[in-house]
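Structural characterization, general
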Amino acid sequence: MSSNIVHQYFKKDTVEGKILVKLNPIQLKGTELFVPIEGPVEARDLTFDEHILEDLAADGFEETGPMEFGLYQTGLAR
């Protein structure tokens with residue numbers, strides 16, 4: 001079933017680095033990547049509630065595509 005889900009991607013730049021979020025909008029699960037200015041990329045799996053889109057917008061996240069997330073997740077970007 002998960003192979004048919006189109007994920008949504010969001011990003012936000014902060015003083016400490018970049019935050020990227022991959023959201024499964026059906027199961028309300030996802031992955032957050034924190035890309036610090038210096039140091040390794042940190043990843044964590046998250047479970048969201050039904051208000052996640054409103055929360056991301058309120059926190060200043062912008063919708064983006066999967067390429068940047070994938071590059072950081074695989075270690076090809078730094």
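It should be emphasised that the depicted structure is a prediction, and the values quoted were computed from it without experimental measurement. (Residues numbered from 1 in each chain as written. Predicted model: local features only at pLDDT ≥ 70, side-chain atom pairs only at ≥ 80, totals over all residues. Heavy atoms only, no water.)

Another aspect to go through is the environment of Gly70. Inspection of the secondary structure assignment puts Gly70 in helix 2 (residues 66-74). On a C-alpha basis, the gap between Gly70 and Lys22 in space is 9.6 Å, while along the polypeptide they are 48 residues apart. (Helix = DSSP H or I, 4+ residues; strand = E, 2+ residues; numbered from the N terminus.)

This paragraph deals with the sheet that holds strand 3 (residues 29-36). Read from one edge of the open sheet, five strands run 4-3-2-1-5, paired in antiparallel fashion. In this open sheet, the two edge strands, each paired with only one partner strand, are strand 4 (42-47) and strand 5 (62-64). Adjacent strand axes in the sheet meet at a mean angle of 25° when their direction is disregarded. Examined bridge by bridge, strand 1 (residues 8-13) and strand 2 (residues 17-24) share six bridges and lie antiparallel to one another. Paired with Phe10 across the two strands is Val21, which belongs to strand 2. Along the sheet, helix 2 contacts strand 1, strand 2, strand 3 and strand 5; its crossing angle with strand 2, the most-contacted strand, is approximately 110°. (Pairing = 2+ DSSP bridges. Axes fitted to C-alpha atoms, helices over the stretch in contact; angles between N-to-C directions. Contact = heavy atoms within 4.5 Å.)

Our next topic: the pattern of salt bridges. Applying the stated criterion across every chain, the model contains three salt bridges. For the salt bridge of Glu68 with Lys18, the shortest nitrogen-to-oxygen distance reads 2.8 Å. One end of the pair, Glu68, is in helix 2; the other, Lys18, is in strand 2, with 50 residues separating them in the sequence. With a relative accessible area of 18%, Glu68 lands in the buried category. (Salt bridge = Lys/Arg side-chain N within 4 Å of Asp/Glu carboxyl O. Buried < 20%, exposed > 50% of the residue type's maximum accessible area, 1.4 Å probe, protein only.)

Moving on, we get to the nonpolar core. With nine residues, the main nonpolar core is built from Phe10, Ile19, Val21, Leu23, Phe34, Phe48, Ile52, Leu56 and Phe61. Residue assignment for this core shows that the elements contributing at least two residues are strand 2 and helix 1 (52-58). Among the elements that line this core, the one with the most residues is strand 2, at three residues. Ignoring any residue separated from it by four or fewer positions in sequence, one finds Phe48 in contact with Val21, Lys22, Leu23, Leu28, Lys29 and Gly30. (Core = buried A, V, L, I, M, F, W, Y, C linked by side-chain atoms within 4.5 Å.)

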